[in-house]
Each structure stands twice: as structure tokens, then as C-alpha cells.
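# Structure at a glance
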Amino acid sequence: MGATNTMEAVKSVLEPFDTEYVEDYKKIWIKAKLKTSDDLLRVAEAIKAEGLRSISTVSPTDFPDTNTMEMNYFFEDLETKRNLWLKCDIPREVAQCEIDSLTPLFPSAEWHEREAFSMFGVTFRNHPDLRPIIVSEDFVGKTPYRRDFDWDAHEKDVVQHVKTIVDAFKREQETNEVNLDTDSSETVLNWGPTHPASGPIRLRIHTDGEEIIHIDPDIGYVWRALEHLVTKKDFVGAIVAVERLCFMDNINSMVGYCMAVEEIAGTEITEFAKWMRVLLGETARISSHFMGMGGFFNNLGLHTMGMWNMDMREFFLDFLESYSGARIATAAIEPGGVRYGLDMTMLDELQKAFDKFDAGIDDVEMIFAKNPTMRVRAKEVGIVSAEDVHTFGLSGIVARASGVKTDIRLDEPYAAYDQVEMDYMTTKDGTAADRFTILFRELKQSVEILKQAKKRIEEGVASGEFNPTKDHMVKVPKKLPAGEAISRVEWARGEVLMHLVTEEKAKSPYRLKMRAPSFNHTMILNRLLEGKTLSDLPLVFGSLYVCQGDLDR
Amino acid sequence: MLKILDFFDYAKSESLWMAHFCTGCCSLEMAAAMGPRYDWERYGYMPTPTPRQADVLMITGLVSKKILPALLRTYAQMPEPKYVVALGACSFDGGPYNDSLSVIKNPTEILPADVFIAGCPPKPEAIIEGLEQVKQKIKNGEPSAASQGGLWKEMEF
């Protein structure tokens, strides 16, 4: 490595293989397509040796017309910021729809491959644990995300489907009893699906007394099939589904989707709209971080912080409400810019939020962020090493708490983040306490960014550079050309990657893959908690800052 | 005798406890209603982690197929009299997920709700207003909707 840490080096890795094309894509991506899927494993080995150690996601695209399933792999190197988008075709018939699993090489792909298996029926050879994930029992063995899946027929008998789900659950509980050794003190504990500390997720915890032997998360309790839902809506209507990725930070997911649409449409948004995206995005991030910090202490059993945070959060929501009319479901970002013009008096609401924040945040820091009890309790559990971050493709606060400098706002600046003054926030040890520290510091950082954005907008309007009632939107055609694009945004919880595919003259997305960070963060739960005690579970779970909305999508 | 019963209805209505059960995104606004600005404990509402002490079950937004059995089981575990409050567009007809594969479009046909609260998500004020209606219903001595019908009685869960 060393001097060879360039994009050219990634290209040269691909040279010995049979490729249809290798091309530059954006600044830090290379896009390539393999002629045959047989090469995939060897290519992946070479790529890993080059330093691209994480797979962000695996996204199949179904093309019934040409009878192919196109596999998309997104390789990332969080350190040198070099990324590779690798494609290859495989046959579409379920029986032949097979490809080598990359999980043995890239553990970060484990759940993503399981998801592709559940949704598209792609079989991954040599996958260590190829069970269905997310889908409810009535979809097991079916391929709900394929273009030709007849879900009207599937929907007809909901009551029967619920019975299938119930039967499967009961069967599982019975086998639990049978499989356990009667002489041991091992039990299977169901954490959830409605645990107050975690929301709708079920963790099957094998325990021996207090000690955790193994955790197997069962997810999909808020599965809304968003990736399928967007294909039924037009490009603007799809933002309703996209923003519901998670309600805590919905603005930034819309920004990601809109960037992908704009890229395919070839639209350049105005400078004012870029700054508005920063302004709204950071407001949403702040409101999410407040909830995340409150959740962390709630899980420790102290509800005061949640209440204090909620108090401050309301003032930021007031700004969103004054701008869009809604506190949470704002639908404020649209392809082409932002949905509404800005009335400058709306910024007064934001100033009120700053005043509230400045008045209260020092107390929060003294009482909670520096809380000695929390520090002692949380500094030795849930340790994520920097190596784990690369291996399991972690992002956001979890990655930065382990000392990995990754932040899409700086790595691949979007909106107006290239003009924002900010830096990577990192701590070294990657403990639960560190993750809380990062959350707290980033909250303050976001407020600083927000102040910069507000100042820039005010100056721009005062000097006549921006027209706040006209500049917010440029027209994006209703019908888009055929194409595909990816976009990444730094979401409150980490990296969101959107992979959008469109057809010629399409009115709605052909395929939208949303890669959400909580998926990877829940994947490592077992690793963090094996051998620990049950009482560590809420704390570690809370520190991972998981939201079920983006876990299940 | 009648007077004493009225008193019990009154007492029940003024301290509604709800099962802490999140099925969807509306629970975020429920959390806001618990928060300092709206503070629903002023009205006697309180979340409780166990359904066995709860008077009200809130369907907080969407109900996926996978969580429906858990929801019904939670409801079945609550002591009588028990009431159901449906939050948001999803619990009425699937709301924004009406086209989705995996979401139940008619949760309140399965588990009939006493009060609907509109919105996506409903504002905290609306949630408190809806709960006030439940109070009134209890004070009037009306039986809950789910006790009188609904598909849940025929379903296994």
C-alpha cells in the first residue's frame, strides 16, 4: 500500500480480470462490471488485499426482460476513501440464481446477503448462515422484491398469513425447549418484540443464568417493504416512503434520495437549496441525537436526561414546523431543491432554539456527559475496535468512537458541506461511554454547523445573492432517462447509501436500494455481548444508537 | 349502588395507564407527549412496561404482519376493562404504507379502536385530546369497542 493508495491502484487490481468496463464514477468511486460471476471471489480477494475492507451493501436488481439478476457490490475503504462499485450478472431463474458468498472474506456482507436471499431469492454459496431475515414467515421461500411477484394474490388471505406467523413462532418456542440440554441451566430468553428499552425487535438470547451465551436478533417487526413501495410511486411521491426510513432523522434520507434523482436527471440545484439542505439536515440530526442520548440514559434507568433533551428538542422541531407545517413528517426535501421557500422570520424560531440550547447544554454536559456513574458503568462494555469497524462496515458515531475517521460530510461532501467548517469527531477506545461522548460532541458540532448555515443564508439574502422565495427549487422533469446512480449521506446514525435505477421515460423508480446503518450495527450485537451479563444488554444496545425503522425498512 | 359504580368509573378514567408498546413511528410523537412541553402525566396518563397493569393499548401507527400477534397477545393480557386507541393514518387504513406488502391495512377491523387520532404522525396535542375522549367514554360507562367485536376474537395468536 503506501504510495499505491490511489484510485489507479484499485483499477489495476481489476486489470487481470475479464471486465465489460472499468470507469471512474464521481470523485472517489470506480464502477466496474465483471463479465462472469465466477471471477467474483478472486476479484474480492484482490480488492481486500488492496485495502478495501468493507462491503457497504449488496444490492440485486431484477431484469425480467433480459432474464438476468444484476448483482451490485459496494466496496469501501473507510481510511483512504476509495470505493468500488462492482457489478456482475447472474441467471434469474430461482434454481440457478446462485453466486459465491463474500461473507467469509467480508463479514460486513453477512446480513446484506441474507437480505438479498430473502427478498430476491439469490442463493449465496458457502454463506455461513443463510437464513431468511426481515421477512415475516408468510414470505419465506418467496421472492417479494422481484418485479414479477404477484403480491395482490399474496395479500388476499391476511388472516391465514398471520396464522402462519403465529404457528412458526410457537414451533420455534417448542423446539427451544427440546433442543436445550435438560441437565444444563441454559434458557432461551425472548427480549422483545416489545421491550420498552429497544422498541420492536426480538433478540433470542441464549443465557446461562445471567451470562449471555449467544444472541440471535430476529428483526422485521416494522418491515414496511419501503424499497418496493417506492416503485409504485412517482419520483416525488417516493419521498414519502424514503423519509419514513426513520422518523428521527428523516431529512437526510430524503437528501440522499433526491441527490440520486438529480444525478440521473442531470439537474444542478441552486446554492441556496444546498444551504437549506444543510440547515434542515442538521436540525433533523440534532433532534435525532437528542433522542439517542435520552435513549442511552433511559436504558441505564435515568429518565431525567431524556426529559431535558426532549425539552430542547421541541424548539428545533418548532423550526421544522414553521418551515414545513409538520414537526416530524416534513417532506421538506424534493428532487430539485427544497420544497418551500424560506420566510426569513422562520429563522427567528431557529434563533430561539439556539438560545434554549445554549442555556441548557452546559447543565447536560456537567450532569450527564461527565456523569461519573455512567462513565464507570459504560467504559468497559460494548468495546468495538477500529478493526471491527472495517470488518463489519460500521459507520457513524459507532465508527468514530473507535477512532476511525469516517464522515460522509467530509469524505464525499454533498449539499454545501464542502463550505462548512467542521472536523472528524473521534475518540480512541470504542466503548459505550465513548459512543455517548461522540454523540454529545456531535450534537454541539451540529449546532455550530447550523449557525454557520444560518449566517450564510442571512448574508446571502442580505446581499441579494439568494432569493429565498424563488431559489429553493429548480425544475426536475417528471420523466427521467434510463440510468442509475448512487448517493451517500451521513445520516444521524451513519452512512446511508441509496442505489437508484431508472428505466427510459420512467415516472417511478425501477429499483431503490437503501443501505441503512442500523443493519450493520445490530449485526455485531452478538459479538459485543457474548460472555457478558444480561444487565449489560440495554446499555450496549442503547449505545449502538439503533433505530428499528432503518433496521427493517 | 349506582353512585358507587360511577365513582369507580370516574377513578378509572382519571388515571389511565397505557401499555408501553411501539409498533410504528407514531411512538415518537407519543414520546413527545410524555415530554416536558406537553407532559401528559398532568392528565393522569402514564406508560407502564407491563400490559397486566394497563388500561389502554395504543396502536402507535403501522402494524406489520409480524407484530400483529404480539399486539393481540398484549391486548389479551390486559385486565378488563381495557380500551384501544388508534394513532395515526396507518392504524386506520395503512396510511402512507397502504400500497406496501407487509403492513396490515385494517388493524382496527382486527382490533377495534375506541378512539382514532388523525395525523401522520398526530401532534402531541391531538394525542392528549384523543385520550381525553377515552376518559369521557369511561365516565359514561360505555363498553369498549374491542370487547364487542373484531376479528381478533377468531384469530389465533
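The structure displayed is predicted, hence computed values, not measured ones.

Here we take up the packing of aromatic side chains. Geometrically, a pair of aromatic rings is defined through the distance of the ring centres and the angle of the planes. Taken as a whole, this structure holds 25 aromatic pairs over all chains when the rule is applied. Ring geometry for Tyr 414 of chain A versus Tyr 417 of chain A: centroids 5.0 Å apart, planes at 65°, classification edge-to-face. Of the two residues examined, Tyr 414 of chain A and Tyr 417 of chain A, each falls in the buried class. Among the aromatic residues, those joined into a cluster by ring pairs are Phe 120, Phe 139, Tyr 145, Phe 149 and Trp 223 of chain A. The lysine or arginine in question, Lys 31 of chain A, covers the ring of Trp 85 of chain A, its NZ or CZ lying 4.7 Å from the ring centre. Here the guanidinium or amino end of Arg 37 of chain B rests over the ring plane of Phe 315 of chain A, the centre of that ring lying 4.9 Å away.

The subject of this paragraph is the packing of helix 1 (residues 7-14) of chain A against helix 2 (residues 40-50) of chain A. Residue and element names in this part refer to chain A. Between helix 1 and helix 2, whose axes approach to 9 Å, the crossing angle comes to 155°. Relative to helix 2, helix 1 is oriented roughly antiparallel. The way helix 1 lies across helix 2 gives a crossing that is right-handed. Across from Ala 9, Val 10, Val 13 and Leu 14 in helix 1, the residues of helix 2 making contact are Val 43, Ala 46, Ile 47 and Glu 50. The residue makeup of the contact of helix 1 with helix 2, split by class, is seven nonpolar, no polar and one charged.

Moving on: a positive patch on the surface. Taken together, the side chains of Lys 475, Lys 478, Lys 479, Lys 505 and Lys 507 of chain A make up a positively charged region of the molecular surface. Assessed through its relative accessible area of 61%, Lys 505 of chain A is described here as exposed.

On to the pairing of strand 4 (residues 83-87) of chain B, then. All names here are of chain B. Most of strand 4 is tucked away: five of the five residues are buried. Residues Tyr 83, Val 85 and Leu 87 line one face of strand 4 and the alternating positions Val 84 and Ala 86 line the opposite face, and both faces are buried. Here strand 3 (residues 56-60) pairs with strand 4 via five bridges, running parallel. Bridging from a neighbouring strand, Thr 60 pairs with Leu 87 of strand 4. The handedness of the strand 3 to strand 4 crossover, carried by helix 3 (residues 68-77), is right-handed. Pairing of strand 4 with strand 5 (residues 115-117) involves three bridges; the strand directions are parallel. Its bridge partner being in strand 5, Leu 87 is matched across the sheet by Ile 117.

This part takes up the domain arrangement of chain A. Residues and elements named next belong to chain A. Entries for chain A in the domain assignment read domain 1 (2-148) and domain 2 (226-552). Centre-to-centre, using C-alpha coordinates, domain 1 lies 26 Å away from domain 2. Taken together, the contact pairs 38 residues of domain 1 with 38 residues of domain 2. Overall, the association of domain 1 and domain 2 removes approximately 3,200 Å² of surface from exposure, summing both partners, and the carbon and sulfur fraction of that is 55%. Counting the contacts that link domain 1 with domain 2 gives six salt bridges. Inspection of the region where domain 1 meets domain 2 yields 21 residue pairs in polar contact (both at pLDDT 80 or more). If one sorts the elements of the side of domain 1 that touches domain 2 by residue count, strand 3 (residues 54-63) sits on top with nine residues. Grouping the constituent residues of the side of domain 1 that touches domain 2 by class yields 17 nonpolar, nine polar and 12 charged.

Here we come to the nonpolar core. Counting 187 residues, the largest nonpolar core has Met 71, Tyr 73, Phe 75, Leu 84, Leu 86, Tyr 257 and Leu 280 of chain A as its most contacted members. For Tyr 257 of chain A, the contacting residues outside a window of four places in its chain are Phe 235, Ala 238, Ile 239, Val 242, Pro 335, Ser 487, Met 498, Leu 500, Pro 509 and Leu 512 of chain A. Of all hydrophobic cores here, the second largest spans 25 residues; its members include Val 166 of chain A together with Ile 59, Leu 72 and Leu 111 of chain B.

Residue and element names in this part refer to chain B. Ordered by their spatial adjacency, five strands build an open sheet running 2-1-3-4-5, and the pairing between neighbours is parallel. Lying at the two open borders of the sheet, with one neighbouring strand each, are strand 2 (46-48) and strand 5. Across the sheet, the axes of successive neighbouring strands diverge by a mean angle of 30°, strand direction being ignored. Across the sheet, helix 3 lies against strand 1 (17-19), strand 3 and strand 4, angled at about 165° from strand 3, the strand it touches most.

The next thing to look at is the interface of chain B and chain A. Between chain B and chain A, the residue contacts involve 40 residues of the former and 53 residues of the latter. For the pair chain B and chain A, the number of links is five salt bridges. The residue Lys 65 of chain B makes a salt bridge to Asp 138 of chain A at a minimum N-O spacing of 2.9 Å. Here chain B is connected to chain A by 12 residue pairs in polar contact (both at pLDDT 80 or more). Elements with a minimum of two residues in the side of chain B that touches chain A: helix 2 (27-34) and helix 3 of chain B. With five residues, helix 2 of chain B is the largest single contributor of residues to the side of chain B that touches chain A. Its residues assigned to classes, the side of chain B that touches chain A comprises 25 nonpolar, six polar and nine charged.

The rules behind each value
Residues numbered from 1 in each chain as written. Chains lettered and ligands numbered in written order. Predicted model: local features only at pLDDT ≥ 70, side-chain atom pairs only at ≥ 80, totals over all residues. Heavy atoms only, no water. Phe/Tyr/Trp six-rings, centres within 6.5 Å; stacked < 30°, edge-to-face > 60°. Buried < 20%, exposed > 50% of the residue type's maximum accessible area, 1.4 Å probe, protein only. Lys NZ or Arg CZ within 6 Å of the ring centre and 35° of its normal. Axes fitted to C-alpha atoms, helices over the stretch in contact; angles between N-to-C directions. Helix = DSSP H or I, 4+ residues; strand = E, 2+ residues; numbered from the N terminus. Parallel < 35°, antiparallel > 145°, perpendicular 65-115°, else oblique. Left-handed = near helix turned anticlockwise from the far one by under 90°. Contact = heavy atoms within 4.5 Å. Nonpolar A, V, L, I, M, F, W, Y, C, P; charged D, E, K, R; others polar. Patch = residues over 30% accessible without salt bridge, like charges linked within 9 Å, V, L, I, M, F, W, Y side chains within 5 Å. Areas by Shrake-Rupley, 256 points an atom, 1.4 Å probe, with all protein chains shown as cover. Salt bridge = Lys/Arg side-chain N within 4 Å of Asp/Glu carboxyl O. Lys, Arg positive; Asp, Glu negative; His and termini not counted. Charge placed at Lys NZ, Arg CZ, Asp CG, Glu CD. Pairing = 2+ DSSP bridges. Right-handed = clockwise from strand over helix to strand, strands pointing away. Domains from an automatic or database assignment. Buried area = accessible area lost by both parts, 1.4 Å probe. Polar contact = N/O pair within 3.5 Å; in protein donor to acceptor, adjacent residues only side chain to side chain. Core = buried A, V, L, I, M, F, W, Y, C linked by side-chain atoms within 4.5 Å.

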